Amino acid sequence: MPAKRSTTIPAARSATRTAASDTSRRAASTTRRPARSRTRAASSDGAARTVTSQPWLHQKGVVIQEFGTVRQFPIGLSYDARMYSCQRLNQTLADTQILYALYKKHHWLMRGATFYQLHLLLDKHAGEQLELVDQIAERIQTLGGVAVGDPRHVAEITRIPRAPDGVEEVPAMLSRLLEAHEMILADAHDAAARTADMGDDGSNDLLVSDVIRTGEMEAWFLAEHLVDTPLVQA
Ligand SMILES: [Fe+2]
């Protein structure tokens, strides 16, 4: 935090600083360290102090909470319950992020006579999955855990098979989405039951009311596009 690192310098030293020295110091500081002072100001107690609006750039730090751990939060749930829920929810979170990405990929790559309808439908589902991603991640944080966020970390955790980089036929795209849904739903049913057994009603509610309800509805809409029915003549 810049404010904490700002130091007070004697007024005389500050006053003798020249414009030239400020310029050279500014040039040197933009890569590593911000200029120490720009303006002299008075604190509420009348003491001289220096202020700067230069951000502290290129900072590095230590990891302050490891992935796979939970902090102690006073929410009436045991350490074991919170730890278990975070583990299950991180699996759902990783799979849901992949499902969101698959929806976007297929929204972009859609082909054929039903392009417009499916292009719009898949984007709607992508938006709903993205909302779930945020809800699941914030539930993990609420439990004191660490939500998986980096896509490369997500790829290590998810069990949803990777799609080809190229373009699949339309029914194959829809089938791939359905299979991803079923994988998430099957795991969510089990996780919902087990988190409820552990006393974590909030995670159970999220899994049932949001993950399962949304996934089931989206799977229905996808599945109906895979019914081979005549368009005009019976
Ligand atoms: Fe779009």
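The structure this text deals with has already been given above.
Anyway, here's the lowdown on the structure attached to this text. Given the structure is predicted, the values throughout are model-derived calculations rather than measurements.

Before going further, it helps to spend a moment on the overall build of the chain. For the chain, the helix and strand inventory stands at eight helices and two strands. Looking at the chain as a whole, 36% of its 234 residues qualify as buried. Accessible area of the chain: about 14,200 Å², with a carbon and sulfur share of 56%.

What follows is about the packing of helix 7 (residues 170–197) against helix 8 (residues 201–223). Working note: a packed helix pair is described by the angle between its axes plus the distance between those axes. Where helix 7 meets helix 8, the closest approach of the two axes is 9 Å, and the angle between their N-to-C directions is 160 degrees. Between helix 7 and helix 8, the interaxial angle falls into the category roughly antiparallel. As helix 7 packs across helix 8, the resulting crossing turns out to be left-handed. Along the lines of polarity and charge, the residues of the contact of helix 7 with helix 8 split into 17 nonpolar, six polar and two charged.

Before going further, it helps to examine the environment of Asp187. Tracing the backbone shows Asp187 in helix 7. When the C-alpha atoms of Asp187 and Arg88 are compared, they prove to be 8.6 Å apart, with 99 residues separating the residues in sequence. Not counting chain neighbours up to four residues away, the residues in contact with Asp187 comprise Arg88, Gln91, Thr92 and Arg159. One polar contact links Asp187 to Arg88, side chain to side chain, over a distance of 3.1 Å.

The next subject is the nonpolar core. Counting 41 residues, the largest nonpolar core has Leu93 and Ile136 as the members making the most contacts within it. Where this core is concerned, the elements lending two or more residues are helix 4 (79–109), helix 5 (115–142), helix 6 (151–157), helix 7 and helix 8. Leave out the neighbours within four places in its chain, and Ile136 touches Leu89, Thr92, Leu93, Thr96, Leu206 and Val211.

What follows deals with helix 7. If you check helix 7, its first and last C-alpha atoms are 41 Å apart, about what 28 residues at 1.5 Å a residue would give, namely 40 Å. Directly after helix 7, the chain includes Gly199, whose backbone phi takes a positive value near 95 degrees.

Its place among the elements puts Met217 in helix 8. C-alpha of Met217 to C-alpha of His125: the two residues are 92 residues apart in sequence and 9.7 Å apart in space.

Let's shift gears to the side chain of Arg88. You can see Arg88 is positioned in helix 4. Overall, the relative accessible area of 12% leaves Arg88 in the buried class. Excluding its chain neighbours within four sequence positions, the residues that come into contact with Arg88 are Asp187, Asp190, Ala191 and Arg194.

As a further point, take the side chain of His181. Residue position: His181 is located in helix 7. In this structure His181 comes out as buried when scored by relative accessible area, which is 2%.

The next thing to look at is the environment of Val133. Relative to the helices and strands, Val133 resides in helix 5. Here Val133 falls in the buried class, since its relative accessible area comes to 13%. A sequence separation of 14 residues divides Val133 from Ala147, and the C-alpha atoms of the two residues are 10.0 Å apart. Setting aside chain neighbours within four positions, we find Val133 in contact with Leu93, Thr96 and Gln97.

The rules we used
- Residues numbered from 1 in each chain as written.
- Predicted model: local features only at pLDDT ≥ 70, side-chain atom pairs only at ≥ 80, totals over all residues.
- Heavy atoms only, no water.
- Helix = DSSP H or I, 4+ residues; strand = E, 2+ residues; numbered from the N terminus.
- Buried < 20%, exposed > 50% of the residue type's maximum accessible area, 1.4 Å probe, protein only.
- Areas by Shrake-Rupley, 256 points an atom, 1.4 Å probe, with all protein chains shown as cover.
- Axes fitted to C-alpha atoms, helices over the stretch in contact; angles between N-to-C directions.
- Parallel < 35°, antiparallel > 145°, perpendicular 65-115°, else oblique.
- Left-handed = near helix turned anticlockwise from the far one by under 90°.
- Nonpolar A, V, L, I, M, F, W, Y, C, P; charged D, E, K, R; others polar.
- Contact = heavy atoms within 4.5 Å.
- Polar contact = N/O pair within 3.5 Å; in protein donor to acceptor, adjacent residues only side chain to side chain.
- Core = buried A, V, L, I, M, F, W, Y, C linked by side-chain atoms within 4.5 Å.
- Expected span 1.5 Å × (residues − 1).

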